Amino acid sequence: MYCIKNITNDFIWVGANDRRLAMFEGVYSVPGGVSYNSYLLKDEKTVLFDTVDKAVRHRFLENVVSALDGRQLDYLIVQHMEPDHSSALEDILTRYPKAKLVCNSKTLAFIKQFTELETDALIVKENDTLNTGRHTLHFVMAPMVHWPEVMVTYDSTDKILFSADAFGTFGALNGALFADEVDFDKDYMDEARRYYTNIVGKYGTQVQSLLNKAGALEIRMICPLHGFVWRKNLSAIISKYVLWSAYQPEEDGVVIAYASVYGNTENAAEILACRLREKNIKTVMFDVSVTPASEIIAAAFRWSHLVFASTTYNAGIFISMEELINDLVSHNIQNRTAAIIENGSWAATSGGLIREKLGKCKNINIIEQTLSIKSSVKKSQLQELEAVAAAIAGTIKDSFPQPVRNNGKSKEGGNASVDPNVMFKLSYGLFVLTAKDGSKDNGCITNTAMQITVSPLRIAIAVNKANFTHDMIIKTGLFNLSILKESAPFSIFEQFGFHSGRDTDKFSNSKYEDRAVNGIRYVPEYTNSVICAKVCESYDYGTHTVFIADVTQSFMLSSEPSVTYQYYFANIKPKPQPQQEGKKGFVCKICGYVYEGASLPEDYICPLCKHGATDFEKQ
Ligand code: FEO
């Protein structure tokens, strides 16, 4: 018996549901079933929009025959030739041989590939129209949403968009047809997200192109090929598509996906989740060996942060984790912050390999510190887990709970702690500090400079005593600060930061020889302004000397923003590289540089990123 529903006076839903399908497209579980939607327009002419999957074609044919109520079918529009919407094409054309196919040229090619049909078609292209009496149908091409031939149709009379796969949802229609008949947000949004991300998630650019075209239309109703019809609050689903297609997260929160053979990697993931929750950060956790990848991919599109915790397996990433990451990369995941935990009882490699794979994605900010555990988490590593949680929290607004207040009274023996990551929140700039002693010019990179008074105009700088520039300032009392701008390349940091002026001419590769009135060189390239100063006081602070200095000259060179310490880390400093195969020795945990040798000198400084020996680990 037919089962049809009216949508408007002229449109009827003639689709059908399938709750027996084990795997949609052979890949995605659909525990709530799936609907195959088809729509019939009864105007002066009759028009059918797409057909259905073979699993439900008998019910569908009953529906079409019933809805036509004895009339002939004039047109069959094929918006999408994927077989879940076209398997009943031949049935319909056999039952209604005078019906004219309406499709684009790509679709016709697919029809010939999938079927033996020898039929003419009315070929349409962008902005072509079909008048059926009271209604005018406009054809809008939507290639790659989800296949190359996809087009959508806009009825300018009733303002309905027949959107093909766009705005679809997994899940059978359980008696309801309209999204406003159910609690969509609570009961179906997760499935709408899972449907979008897995079916068309890869094609964000093409979805945005369709959204732009749709934005120019007055749309009162959306009729997709799967799931509910939208007639109210259309912005609820459109706003999600805007975010998903731009690969922007819906909410701040952390997806923790872990692969654990004996529960020890899971343990690290659990501890991290606890530390994150203590910082008011939402977390969702998935065992990648248990949860289908489609659910984790959907979660990755929803939340802002991703943590991958994987054991090492056959010298690589654990199988199910590797599949998940490959899937995420192929779905074009981007604009996320990620952290990595690796486990390995004798040679942990999974972290570096995960980092390498994520490196193929656009705008994935990988937290520098990879937590590496050997077999199981040890008490000594809890601080490292806390540091990873703190680093994640540092990238999430409002993540830290308010400090406990005690009405201004100090609490003796209180639980005061120092989080070193807080120091990265200070809005440091980055500068080339230059000095001159006799004929010797020199310079170094510093991030510690600030104005302290206006009248007189004074600044303070703190300079490491190990720098040759420090000794020159002690001797001459004069220096210049070139304030670096955001376009400063990493090479400028290499030039002034990675060598000692004691045995190198830091200006040997400079194109310019500009000097300020005090005779000291400054760096005109990649600099937005220069401050020249004369020391009036200095203070010895162990490793550093703090110089207080009067400003003697200052001038602007560019209006470009100054580079901040945070900007440098996010945009200029090279990202850590996976460990270099074949090299043995000590590897820098920050940038992956390998020091080859049996022992690492205590005062060794990484030539790439300038971190010290404590940031190296034995390979
Ligand atoms: Fe529901 Fe792309 O087919």
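One can find the structure itself at the top, above this paragraph.
Residues numbered from 1 in each chain as written. Predicted model: local features only at pLDDT ≥ 70, side-chain atom pairs only at ≥ 80, totals over all residues. Heavy atoms only, no water.

### With respect to the packing of aromatic side chains
Two aromatic rings are characterised by how far apart their centres lie and by the angle between their planes. Definition in use: Aromatic contacts are taken between Phe, Tyr and Trp rings whose centres are within 6.5 Å, Trp giving its six-membered ring; a plane angle under 30 degrees counts as stacked, one over 60 as edge-to-face, and the others as tilted. Strands here mean DSSP runs of E at least two residues long; helices mean DSSP runs of H or I at least four residues long; both are numbered from the N terminus. Note on exposure labels: buried denotes an accessible area under 20% of the residue type's maximum, exposed denotes more than 50%, and partly exposed covers the range between, all computed with a 1.4 Å probe on protein chains only.
Counted under the stated rule, the structure contains 24 aromatic pairs. Look at phenylalanine 11 and phenylalanine 162: their rings are 5.1 Å apart centre to centre, the planes differ by 45 degrees, and that puts the pair in the tilted class. Taken together, the residues phenylalanine 11 in strand E2 (residues 11-13) and phenylalanine 162 in strand E15 (residues 160-164) connect sequence positions 151 residues apart. For the pair shown, phenylalanine 11 and phenylalanine 162 are each scored as buried.

### With respect to the nonpolar core
Side chains that are nonpolar tend, in soluble globular proteins, to be buried together. Note the threshold: For this analysis, a nonpolar core means a set of buried residues of the types Ala, Val, Leu, Ile, Met, Phe, Trp, Tyr and Cys, connected via side-chain atoms within 4.5 Å.
Within the largest apolar cluster, 91 residues are counted, with the highest numbers of intra-cluster contacts made by Ile7, Leu48, Phe49, Ile92, Phe139, Phe184 and Tyr241. The next biggest cluster of nonpolar side chains, apart from the first, holds 28 residues, and it includes Ala257, Ile297, Leu324 and Ile325.

### Observations concerning a nonpolar patch on the surface
Just so we agree on the cut-off: Within this analysis, patches are made of residues with over 30% relative accessible area and no salt bridge. Like charges are joined at 9 Å or less; nonpolar side chains (Val, Leu, Ile, Met, Phe, Trp, Tyr) at 5 Å or less. Here the Shrake-Rupley method, with its probe set to 1.4 Å, supplies the accessible areas, and only the displayed protein chains count as covering residues. Any Lys or Arg side-chain nitrogen located within 4 Å of an Asp or Glu carboxyl oxygen qualifies as a salt bridge.
Taken together, the side chains of Val261, Tyr262, Tyr313 and Ile319 present a nonpolar region at the surface, about 450 Å² in accessible area. Mapping valine 261 onto the fold places it in the loop between strand E17 (251-259) and helix H9 (264-277). When its relative accessible area of 39% is taken as the criterion, valine 261 is described as partly exposed.

### A look at the packing of helix H6 (residues 189-199) against helix H8 (residues 235-245)
In plain terms, the rule: Where helices are involved, their axes are fitted lines through C-alpha atoms of the stretch in contact, as for all axes, and angles between N-to-C directions lie from 0 to 180°. Orientation categories follow fixed angle ranges, with anything under 35 degrees roughly parallel, anything over 145 roughly antiparallel, 65 to 115 roughly perpendicular, and all other angles oblique. Each crossing is labelled by how the near helix is turned from the far one, with a counterclockwise turn of less than a right angle marking it left-handed and a clockwise turn marking it right-handed. Here, two residues are considered to be in contact whenever any of their heavy atoms come within 4.5 Å of each other. Gly is put with the polar residues, along with every residue not named as nonpolar or charged; the nonpolar set is Ala, Val, Leu, Ile, Met, Phe, Trp, Tyr, Cys and Pro, and the charged set is Asp, Glu, Lys and Arg.
Between H6 and H8, the shortest axis-to-axis distance is 11 Å and the interhelical angle comes to 40 degrees. On the basis of their axis angle, the class for H6 and H8 is oblique. Crossing of H6 over H8 shows right-handed handedness. Contact with H6, carried on its side by Met189, Ala192, Arg193 and Tyr196, involves Ala236, Ile237, Lys240, Tyr241, Trp244 and Ser245 of H8 and no other residues of that element. Within the contact of H6 with H8, the residues separate by chemical class into seven nonpolar, one polar and two charged.

### As for the state of the cysteines
Stated precisely, the cut-off is as follows: Note that a disulfide, as used here, is simply two cysteine sulfur atoms within 2.5 Å.
Scanning the model with the defined rule gives zero disulfides in all. Its sulfur unpaired, cysteine 532 is 15 Å from the next cysteine sulfur, which belongs to cysteine 536. By relative accessible area, cysteine 536 is classed as partly exposed at 31%.

### Brief notes about the packing of helix H11 (residues 319-330) against helix H12 (residues 350-358)
For any two helices packed against each other, one specifies the inter-axial angle together with the distance between the axes. Contact pair H11 / H12: the axes reach a minimum separation of 10 Å and the direction vectors enclose 15 degrees. Taken together, the axis directions place H11 and H12 in an arrangement best described as roughly parallel. The two elements H11 and H12 cross, and the hand of that crossing is right-handed. Contacts between H11 and H12 involve Met321, Glu322, Ile325, Asn326 and Val329 from the former and Ile354, Lys357 and Leu358 from the latter.

### With respect to the side chain of histidine 146
Operational definition: Polar contact is defined as a pair of N or O atoms within 3.5 Å, subject to the rule that within protein one atom must be able to donate a hydrogen and the other to accept it, and that residues adjacent in sequence are counted only when both atoms are side-chain atoms.
Position of histidine 146 among the secondary structure elements: in the loop between strand E13 (136-141) and strand E14 (151-155). Judged by relative accessible area, which is 9%, histidine 146 ranks as buried. Side chain to side chain, histidine 146 and glutamate 82 meet in a polar contact 3.0 Å long. A distance of 3.2 Å separates polar atoms of two side chains, one belonging to histidine 146 and the other to aspartate 165. Each residue touching histidine 146, except ones within four places of it in the same chain, is listed here: Glu25, His80, Glu82, Asp165, Ile199, Val200 and Tyr203.

So, to be careful, I would describe these as geometric facts and stop short of saying anything about function.
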